[in-house]
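Each chain is listed here by its residues.
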Amino acid sequence: MTSQGISRKSILKTSNLITPIIVGTNSVSNNNDLQVMSEKNLVDRLEKILALHLDKIIIFGMPKLHDSSGSQAWNKKGIVQNTVRTIRENFDKKIQIIADVCVCQYNLSGHCGILNQNNYVDNDKTLERMSNIALSYAESGADMVAPSSMMDGVVLSIRNKLDDNGFRDTKIMSFSKHFSCLYSPFRLTAFKKFSKIDKSTYQIGNSNSREILRKIEMDLLEGADIITIKPSLGNLDLIRRIVEMVNCKIAAQHVSGEYAMIKAASRCGLIDEYEWTIGYFASMIRAGVNVIISYGAEEIAASFRIH
Ligand SMILES: [Zn+2]
């Protein structure tokens with residue numbers, strides 16, 4: 001910890017941070033600096049997270065079984081559903097639980113939806129699957145569901161499904177997910193052979209800011225409670241425009257590639273990772289971001305003792 005770091009802590013608080021938790025059947029630490037947790041080690045890790053005054057997590061599942069439809073994603077006894085129940089049983093409401101809604105970690109294609117005969121993602125067929133996944137998370141006790149597939153109409157489809165089943169209080173975090181190479185470390189962790197998959201037909205390109213803003217407006221009209229922009233790096237201009245355009249909470253995800261770049265540069269002695277991270281996170285808060293999803297949340301909270 002450096003004195004410089006301490007003096008820069010004030011704009012960033014632990015309440016601004018969401019910790020991603022990747023749950024799998026075995027605990028793994030890999031070359032990408034991402035940790036996969038087994039259910040066995042989960043309670044210990046969450047006690048440490050709470051001790052750092054971090055109280056919000058987003059869960060990503062890495063199942064053992066995969067099939068063509070990704071059916072483990074909506075299995076009521078699936079890895080995320082079991083994890084959510086375990087957290088609720090052990091921590092009651094002390095931790096806000098957000099759960100990522102997608103099928104790409106669960107199917108055989110690595111795509112974020114159901115494929116048609118031409119191997120393109122079929123938007124409408126995918127909506128029902130996404131709403132079933134979201135319902136299974138809500139039934140397990142999740143506070144918020146986070147559809148990340150970028151399918152048109154996914155927020156409305158999930159909102160209707162939750163409302164029809166008595167989960168009006170379950171919130172929806174919608175993603176504005178831009179096509180980027182910065183997801184590679186997560187993909188290498190979750191599904192090695194798909195790390196270079198082309199998702200450009202449903203993720204948004206960087207050059208079309210009008211399309212990005214229109215999609216966010218649609219998500220809000222459909223019932224999104226919070227909008228998350230990812231990646232964060234390279235999108236601060238958009239984040240600022242979105243903050244001025246909408247009246248809801250804004251999150252930014254400091255994605256796996258951004259986190260990995262900092263770690264790699266730090267290991268090479270090229271940068272001070274804490275100074276850069278704190279400065280960069282402060283720029284996101286200045287731009288109007290309310291919460292930051294980051295794999296570095298625990299390290300930042302521990303090193304700077306921010307509250
Ligand atoms: Zn996906």
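Heads up: the structure comes first, above all this text.
Residues numbered from 1 in each chain as written. Predicted model: local features only at pLDDT ≥ 70, side-chain atom pairs only at ≥ 80, totals over all residues. Heavy atoms only, no water.

### A closer look at the environment of alanine 138
Counting through the fold element by element, alanine 138 comes out in helix H4 (residues 123-140). Using a relative accessible area of 6% as the deciding quantity, one classes alanine 138 as buried. Between the alpha carbons of alanine 138 and leucine 156 there is a distance of 16 Å; along the sequence they are 18 residues apart. With near-sequence residues (within four places) excluded, alanine 138 lies in contact with Leu162, Phe167 and Thr170. (Helix = DSSP H or I, 4+ residues; strand = E, 2+ residues; numbered from the N terminus. Buried < 20%, exposed > 50% of the residue type's maximum accessible area, 1.4 Å probe, protein only. Contact = heavy atoms within 4.5 Å.)

### Focus: the nonpolar core
Grouped burial of nonpolar side chains is what soluble globular proteins tend to show. Ranked by internal contacts, the top residues of the largest apolar core, which has 67 residues, are Leu46, Ile87, Tyr137 and Ile158. Ignoring sequence-local partners within four residues, the contact set of leucine 46 consists of Ile21, Ile57, Ile87, Phe91 and Ile95. Grouped together as the second largest cluster of nonpolar side chains are 20 residues, Val36, Met62, Met173 and Phe186 included. (Core = buried A, V, L, I, M, F, W, Y, C linked by side-chain atoms within 4.5 Å.)

### Some words on unusual backbone geometry
Across the junction of lysine 230 and proline 231, the peptide omega takes the value -5 degrees, indicating a cis bond. For proline 231, the position within the fold is in the loop between strand S8 (226-230) and helix H8 (236-245). You will see that asparagine 119, though not glycine, has its phi angle at about 65 degrees, which is positive. Within the fold, asparagine 119 resides in the loop between strand S5 (96-101) and H4. The exposure class of asparagine 119 is exposed, given its relative accessible area of 55%. Of note in this structure, methionine 150 is not a glycine but carries a positive phi near 65 degrees.

### Brief notes about helix H9 (residues 256-267)
In an α-helix, one full turn covers 3.6 residues, which means residues spaced three or four apart are oriented alike. An ideal rise of 1.5 Å per residue puts 16 Å on 12 residues; H9 measures up with 16 Å between its terminal C-alpha atoms. Of all the positions in H9, only Ser256, Gly257, Glu258, Tyr259, Ala260, Ile262, Lys263 and Ala265 are classed as buried. With its phi angle positive at about 75 degrees, glycine 269 sits one or two positions after the end of H9. (Expected span 1.5 Å × (residues − 1).)

### Some details on the pairing of S5
Each regular strand displays side chains that alternate between the two surfaces of the sheet. The buried fraction of S5 amounts to five of the six residues, a majority that puts the element mostly inside the structure. One ladder, built from four bridges, connects strand S4 (residues 56-62) with S5; its direction is parallel. Bridging across to S5, isoleucine 58 finds its partner in isoleucine 98. Each parallel crossover has a hand, and the one from S4 via helix H3 (residues 79-91) to S5 is right-handed. The pairing of S5 with strand S6 (residues 144-147) spans four bridges and is parallel. In the sheet register, valine 101 faces S6, and the bridge partner there is proline 147. Each parallel crossover has a hand, and the one from S5 via H4 to S6 is right-handed. (Pairing = 2+ DSSP bridges. Right-handed = clockwise from strand over helix to strand, strands pointing away.)

### Quick notes on the pattern of salt bridges
This model, assessed by the stated rule, comprises 11 salt bridges. A salt bridge links lysine 76 to glutamate 139, with the shortest nitrogen-to-oxygen separation between them at 3.3 Å. Of the two residues, lysine 76 sits in the loop between S4 and H3 while glutamate 139 sits in helix H4, which places them 63 residues apart along the sequence. Residue classification places lysine 76 among the exposed residues on the basis of a relative accessible area of 53%. On the accessibility criterion, glutamate 139 (40% relative accessible area) is partly exposed. Note that arginine 240 is salt-bridged to glutamate 244, the shortest N-O span being 3.2 Å. (Salt bridge = Lys/Arg side-chain N within 4 Å of Asp/Glu carboxyl O.)

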